[in-house]
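Structural features, examined
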Amino acid sequence: MEKLCAHITCGVCSKPYNDPRILSCLHSFCLQCLHHEIEKGGSEAFICPTCEKNVTIPVGGASVLPQNLHLGFEVEVAGYMSKIVNNSDVACDHCIDGGNGPAVVFCCTCHQFLCKVAYECHRTDRQQFNHKMIGLDQEGARQLYTSLKPSDHYCSQSNHEEYKLSFYCETCSLLVCLYCTALTHKSHTVKEISTVAKTHQMKITEALEHAKEVVTMLTGAIDKSNRMIEQVEITKRKSFLAINQTFEILQKTLEERKKTLLSELEAVSLSKITALTLKKEQFEKMVRDIGHYTDMASHILQTHTDHEIVALGGLIPTELQATLKRVQTISLISNQHSNISLSMQTDDIVRQLSELGIFTCAFYPSPSSSTWSFTSVARVGTRYHVKVQSKTSMGEEYPHGGVEVKGEMRSKTHNGAVVYGEMEDHRDGTYTITLIPQTAGPHQLLITMDGQHVQNSPNDLDVRSRRDYCTLCNAQQVIHCNGPTCVAVHDNGDIYVGSFAHCIYVFDETGQLKNTIGSNGRDDGQFSSPYGISIKGDVLYVADSGNHRVQKMTSSGKFLHKFGQLGSEQGEFNWPSAVIIDSNNILFVSDYDNHRIQLFNENGIWLLTIDGKGSGNHSFQEPWGLALDPQGNIHVAAYRTNSIKSFTKEGVYVRMYGDPNGPRGLAIDGEGYSLVCEGDDSCLSIYDPEGSKIHTVGNLKNPWGTALDPRDGSVFIVNYSANTVLKYCDEI
């Protein structure tokens with residue numbers, strides 16, 4: 001009885017429900033309580049006291065919320081049960097004045113307490129003799145809940161009170177009687193309540209089955225979590241022992257080394273002291289010898305007669321000079337004889353000790369969500385990249401790696417062939433998944449993080465056949481701008497164009513100008529003839545040629561950083577003409593008039609120089625365009641030497657191909673096809689991955705730069721002398 005009472009108590013008024021209504025969170029409250037809370041809050045919103053969710057009340061107020069009929073029935077049952085359990089005289093519901101005595105039984109069919117007389121009438125009535133009766137005792141109370149059935153519900157409309165609610169109006173989402181269907185709901189969609197109930201039963205059953213599957217999955221996840229927690233404890237103990245053992249060994253090694261060094265110190269110092277003592281004694285003897293001769297000489301000069309001086313005069317100078325000569329043959333000591341040089345070389349050791357013991361697993365709280373970026377078009381046989389950014393529960397970027405991220409491509413044809421991706425963990429909360437589709441046609445792209453689909457996964461992907469560049473003939477789009485020099489395309493389709501107007505134009509994918517970045521000048525964010533631009537994510541790099549520097553900016557044009565100045569030293573430039581960035585955030589810059597390529601990290605710290613002023617294979621002059629092939633090699637379009645050469649990132653020569661005439665801009669697609677702007681021949685030449693020319697796009701006007709749309713491979717060409725940028729789309 002106590003459990004039942006708690007179950008039928010409103011969470012607002014703490015009394016048995018009175019006309020309970022169901023919120024969208026599936027918690028119920030009295031209608032009057034909801035009215036009161038809504039009026040108190042001053043809006044059509046209600047924070048559920050049970051789950052604390054913000055629930056929106058529909059138009060029309062709480063009165064249009066669905067009734068919880070079952071809960072109302074349970075309130076009714078509780079009322080009956082209370083009368084039975086309290087064992088007090090209960091009035092007969094059948095008799096008008098109760099003159100026939102208190103009730104002795106309860107009719108579960110009529111929902112009435114009956115006295116003896118009414119009970120006898122029930123037994124002898126043809127329509128009521130088979131009604132279920134229970135006694136007013138403890139046993140009857142136990143039978144009540146299972147024996148009592150909900151009473152029929154009748155229409156509340158005037159003059160319809162005797163008609164059951166046997167139909168459901170789907171138009172109004174309302175239970176109605178037969179007369180209502182013919183009058184106020186005549187043109188509405190009305191169905192028998194049993195039919196609607198079956199439909200809802202099926203939906204509820206399906207939801208329950210799905211819930212069971214989800215609960216099973218979550219239960220498995222809980223079990224896995226428990227096992228993983230146990231595994232963490234086990235590995236923690238192992239790591240604890242390993243750390244202690246390692247540092248015990250290190251401490252022992254350090255103590256032994258300390259003893260050895262102190263012993264060697266004693267030996268070295270003893271050796272030096274012994275040697276210095278011998279030297280000192282030798283010097284002391286010479287001082288005594290010299291003193292003996294000088295004392296005698298002084299004495300002779302002061303006390304001896306001329307005859308005596310002559311007799312000894314030749315001997316004393318001879319002996320004294322011989323002694324002094326011996327002094328000259330003996331090396332005197334220097335400061336270094338007293339120094340004990342010790343080089344501990346602690347810097348590297350301290351650094352290595354500070355980095356000793358690297359945890360290769362994710363030991364931070366796991367991210368709770370993620371976002372991912374991808375293009376909707378892929379090519380057969382070409383690497384396709386998906387970038388995943390993990391997030392915290394607050395929606396902030398998760399700063400650590402170590403999460404299991406997987407990706408796969410499933411063909412919707414070809415018997416559902418699957419291609420699995422390779423994942424690269426950048427250890428900063430971001431991941432790159434690389435897939436190589438094998439068949440053309442519609443695919444599904446699936447990305448999971450720790451076994452769970454990320455947001456919007458799976459997603460549709462269009463895999464197209466290999467690109468046939470021989471179909472490039474006519475431009476499908478022309479963008480007009482002043483003095484274009486170079487072009488780059490953002491992942492979102494925005495087109496960035498460098499200009500002799502000393503700025504960067506930004507066009508949307510339809511060719512409409514949406515932003516202009518920079519102006520003429522030398523200040524931060526200003527340019528002088530930018531010849532090269534590169535964009536990765538939301539970071540823009542600009543080869544600010546006339547200012548002999550590279551500027552790093554946001555994609556919207558906010559200045560972030562700059563590096564370089566006029567000169568030929570390491571990290572200096574003389575007209576940088578191109579800048580590109582690879583997947584490891586290494587920057588490659590064409591140093592045009594210094595005839596070299598310089599490599600930097602993303603913050604402008606110099607890393608390496610590929611010098612073209614050498615001879616043979618390494619020789620190139622006036623490097624203009626740069627591009628990276630699928631293997632990560634850097635290709636250089638050298639304007640003066642009319643050559644295209646490729647090098648490894650370490651500067652090792654790979655090969656030379658083509659015979660371009662005045663090569664400028666350069667681009668390479670995911671399959672290794674090279675697109676070269678030949679300014680002197682006013683054309684774009686296309687080379688296959690082996691270096692053979694396969695097609696030429698002519699009728700251009702001094703093409704300077706080219707770029708590929710990362711989404712679908714469309715080709716953009718800077719048509720400098722025509723003040724246009726041309727777009728060539730996929731025609732297959």
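Above this text is the structure in question.
Quick look at the structure, then.

What counts, and at which threshold
- Residues numbered from 1 in each chain as written.
- Predicted model: local features only at pLDDT ≥ 70, side-chain atom pairs only at ≥ 80, totals over all residues.
- Heavy atoms only, no water.
- Helix = DSSP H or I, 4+ residues; strand = E, 2+ residues; numbered from the N terminus.
- Rg over C-alpha atoms; globule rule 2.2 N^0.38 Å.
- Contact = heavy atoms within 4.5 Å.
- Areas by Shrake-Rupley, 256 points an atom, 1.4 Å probe, with all protein chains shown as cover.
- Lys, Arg positive; Asp, Glu negative; His and termini not counted.
- Charge placed at Lys NZ, Arg CZ, Asp CG, Glu CD.
- Pairing = 2+ DSSP bridges.
- Axes fitted to C-alpha atoms, helices over the stretch in contact; angles between N-to-C directions.
- Expected span 1.5 Å × (residues − 1).
- Buried < 20%, exposed > 50% of the residue type's maximum accessible area, 1.4 Å probe, protein only.
- Arc of directions from axis to C-beta.
- Phe/Tyr/Trp six-rings, centres within 6.5 Å; stacked < 30°, edge-to-face > 60°.
- Salt bridge = Lys/Arg side-chain N within 4 Å of Asp/Glu carboxyl O.
- Parallel < 35°, antiparallel > 145°, perpendicular 65-115°, else oblique.
- Disulfide = S-S within 2.5 Å.

1. With respect to the overall build of the chain
A count of helical and extended segments in the chain gives ten helices and 44 strands. In terms of C-alpha radius of gyration, the chain reaches 47 Å, well past the compact-globule figure of 27 Å for 732 residues. Summarising the internal contacts of the chain: among those between residues at least 6 apart in sequence, 49% fall at separations of at least 24. Total accessible area on the chain stands at roughly 42000 Å², and carbon and sulfur atoms take up 52% of it. Of the charged side chains in the chain, 64 are positive and 83 negative; the average position of the first set lies 2 Å away from that of the second.

2. Structural notes on the sheet that holds strand E6 (residues 112–114)
Ordered by their spatial adjacency, three strands build an open sheet running E6-E5-E7, and the pairing between neighbours is antiparallel. Since the sheet does not close on itself, it has two edges, and those belong to E6 and strand E7 (133–135), each with one partner. The mean inter-strand angle of the sheet, taken between neighbouring strand axes irrespective of direction, is 30°. Sheet topology places strand E5 (residues 105–107) next to E6; three bridges connect them, and they run antiparallel.

3. Considering the sheet that holds strand E43 (residues 715–719)
Reading across from one edge, E21-E44-E43-E42 is the order of the four strands in this open sheet, with antiparallel pairing throughout. Every other strand in the sheet has two partners, leaving strand E21 (477–480) and strand E42 (703–708) as the edge strands with one partner each. Mean inter-strand twist for the sheet, computed between neighbouring axes without regard to direction, equals 20°.

4. A closer look at helix H9 (residues 315–329)
The end-to-end C-alpha distance of H9, which contains 15 residues, comes to 22 Å, matching closely the 21 Å that a straight helix rising 1.5 Å per residue would cover. Listed as buried for H9 are Ile316, Leu320 and Thr323. Down the axis of H9, the smallest arc covering the buried residues is 60°, so these residues share one side. Looking at H9, the residues exposed on the side facing more than 90 degrees away from the buried face are Leu315, Gln321, Lys325, Gln328 and Thr329.

5. Structural notes on the packing of aromatic side chains
Enumeration according to the criterion identifies 22 aromatic pairs in this entry. Taking the centre distance of 5.5 Å and the plane angle of 75° together, the rings of Phe500 and Trp704 count as edge-to-face. Of this pair, Phe500 sits in the loop between strand E23 (495–499) and strand E24 (503–507) while Trp704 sits in strand E42; the two residues are 204 residues apart in sequence, bridging distant segments of the chain. Taken together, Phe500, Tyr531, Trp575, Tyr592, Trp624, Tyr639, Trp704 and Tyr720 form an aromatic cluster joined through their ring pairs.

6. Thoughts on the side chain of Asn633
Looking at the secondary structure, you find Asn633 in the loop between strand E34 (623–628) and strand E35 (634–638). Judged by relative accessible area, Asn633 falls into the buried class, the value being 16%. Here Asn633 is in contact with Ala627, Leu628, Phe647, Thr648 and Val654, once residues within four sequence places are set aside.

7. Digging into the pattern of salt bridges
Inspection of the entire model under this criterion finds 22 salt bridges. Close ionic contact of Glu170 with Lys191 constitutes a salt bridge, the shortest N to O distance being 3.4 Å. Of this pair, Glu170 sits in the loop between strand E8 (167–169) and strand E9 (174–176) while Lys191 sits in strand E10 (residues 190–192); the two residues are 21 residues apart in sequence, bridging distant segments of the chain. Under the relative-accessibility criterion, Lys191 is labelled partly exposed at 37%. Among the ionic pairs, Lys412 bridges to Asp460, the shortest N-O distance being 2.7 Å. Of this pair, Lys412 sits in the loop between strand E14 (405–411) and strand E15 (418–420) while Asp460 sits in strand E20 (residues 459–464), and the two are 48 residues apart along the sequence. On the basis of relative accessibility, which here comes to 47%, the residue Lys412 falls in the partly exposed class. One network of salt bridges, with partners in common, ties together Glu509, Asp709 and Arg711.

8. Thoughts on the packing of helix H3 (residues 69–86) against helix H5 (residues 138–147)
The contact between H3 and H5 brings their axes to 9 Å, and the two run at 175°. Relative to H5, H3 is oriented roughly antiparallel. For the pair H3 and H5, contact is made by Glu74, Val77, Tyr80, Met81, Ile84 and Val85 and by Gln138, Ala141, Leu144 and Tyr145, respectively.

9. Quick word on the state of the cysteines
Across all of its chains, the model carries zero disulfides by this definition. Counting only cysteine sulfurs, Cys13 is the nearest neighbor of Cys10, a cysteine outside any disulfide, at a range of 3.8 Å. Cys121 takes part in no disulfide bond, and the closest cysteine sulfur to it belongs to Cys95, at a distance of 7.9 Å.

Keep in mind that these numbers describe shape and distance, not what the molecule does.
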